[in-house]
Amino acid sequence: MRVLTPSRALACLDIFPNIDRIKKVNCPVFIIHGQKDQEVAFEHGQALQAAVPDDCTRDPWWVPDKGHNDICDGPGIVQYIQRLNRFMRSLDEQ
């Protein structure tokens, strides 16, 4: 899955080859993605989560009713900080 185009033929034009890179990570990964994101399809976040190596995966946060740049708007900031704190604490559990 590509950010700019689903075509593998045009993959060289994709400046965000995250789906290729995520498979090579060797540290904990916390994916946050707004379910109403119109910039990067929500399915892209799901595909990234599925591609994270098993020993690096953490529970993702699929943010309902939020898009690409508004996850922290309004009262969402409280849940954002709580989720980040939970992820940071999970790093101590390794």
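Quick note: structure is the one above.
Below, the structure is looked at part by part. Remember, predicted model here, so these are calculated numbers, not experimental data.

1. What to know about the layout of surface pockets
One number sums up the size of the largest pocket: a volume of about 190 Å³. Around the largest pocket, the lining is made up of 14 residues, and of these Ile32, His33, Asp37, Val40 and His68 lie nearest the centre. Within the residue set of the lining of the largest pocket, elements represented by two or more residues are β1 (32–34) and α2 (42–51). Of the volumes computed, that of the second largest pocket is approximately 150 Å³.

2. Considering the side chain of Asp37
Among the structural elements, Asp37 can be located in the loop between β1 and α2. A distance of 3.3 Å separates the side chain of Asp37 from the side chain of His33, its partner in a polar contact. In this structure the side chain of Asp37 is engaged in a polar contact, spanning 2.9 Å, whose partner is the backbone nitrogen of Val40. Beyond its immediate stretch of four places on either side in the chain, Asp37 contacts Lys66, Gly67 and His68.

3. Let's talk about a nonpolar patch on the surface
A cluster of nonpolar side chains, namely Ile77, Val78 and Ile81, defines an oily patch on the protein surface of about 240 Å² accessible area. Mapped onto the secondary structure, Val78 falls in helix α3 (residues 76–92). Looking at Val78, the relative accessible area reads 48%, which means it is partly exposed.

4. Notes on the packing of aromatic side chains
Evaluated as defined, the whole model comprises two aromatic pairs. Between Phe30 and Phe87, the aromatic rings sit 5.4 Å apart at their centres with planes inclined by 20 degrees, giving stacked as the arrangement. Here Phe30 is found in the loop between α1 (18–21) and β1, whereas its partner Phe87 is found in helix α3, with 57 residues between them in sequence. Considered together, Phe30 and Phe87 belong to a single accessibility category, that of buried residues.

Definitions and cut-offs
- Every residue gets a number counted from 1 within its own chain, in the order that chain's sequence is written.
- In keeping with the model being predicted, local features are shown solely for residues with a pLDDT of at least 70 and side-chain atom pairs are shown and tallied solely at 80 or more, while totals for entire chains, interfaces and linings include all residues.
- Side-chain descriptors were evaluated using all non-hydrogen atoms of the structure, hydrogens and water having been removed beforehand.
- Within this scheme a cavity is a closed region of a 1 Å grid, computed over the protein atoms alone, that accommodates a 1.4 Å probe without allowing it to escape, whereas a pocket is open but has protein on both sides within 12 Å along at least five of seven lines; lining residues each have an atom within 4 Å of a point.
- Grid points are joined across faces, edges and corners, and a volume is the space filled by probe spheres set on the points.
- Working definition: helices are DSSP H or I runs of at least four residues, strands are E runs of at least two. Numbering for both runs from the N terminus.
- Pairs of N or O atoms within 3.5 Å make up the polar contacts considered here, provided that, within protein, one atom can donate a hydrogen while the other can accept it, and that residues adjacent in sequence are counted only when both atoms are side-chain atoms.
- Residue contacts follow a heavy-atom distance rule, with two residues in contact if any of their heavy atoms lie within 4.5 Å.
- Residues with no salt bridge and a relative accessible area higher than 30% make up the patches, which join like charges within 9 Å and nonpolar side chains (Val, Leu, Ile, Met, Phe, Trp, Tyr) within 5 Å.
- Using a 1.4 Å probe, the Shrake-Rupley method yields the accessible areas, and only the shown protein chains count as cover for residues.
- One side-chain nitrogen of Lys or Arg within 4 Å of one carboxyl oxygen of Asp or Glu is enough to make a salt bridge.
- We call a residue buried when its accessible area falls under 20% of the maximum for its residue type, exposed when it is over 50%, and partly exposed in between, using a 1.4 Å probe and counting protein chains only.
- Only Phe, Tyr and Trp rings take part, Trp by its six-membered ring, and two of them pair if their centres are within 6.5 Å. Stacked means planes under 30 degrees apart, edge-to-face means over 60, and tilted covers everything else.

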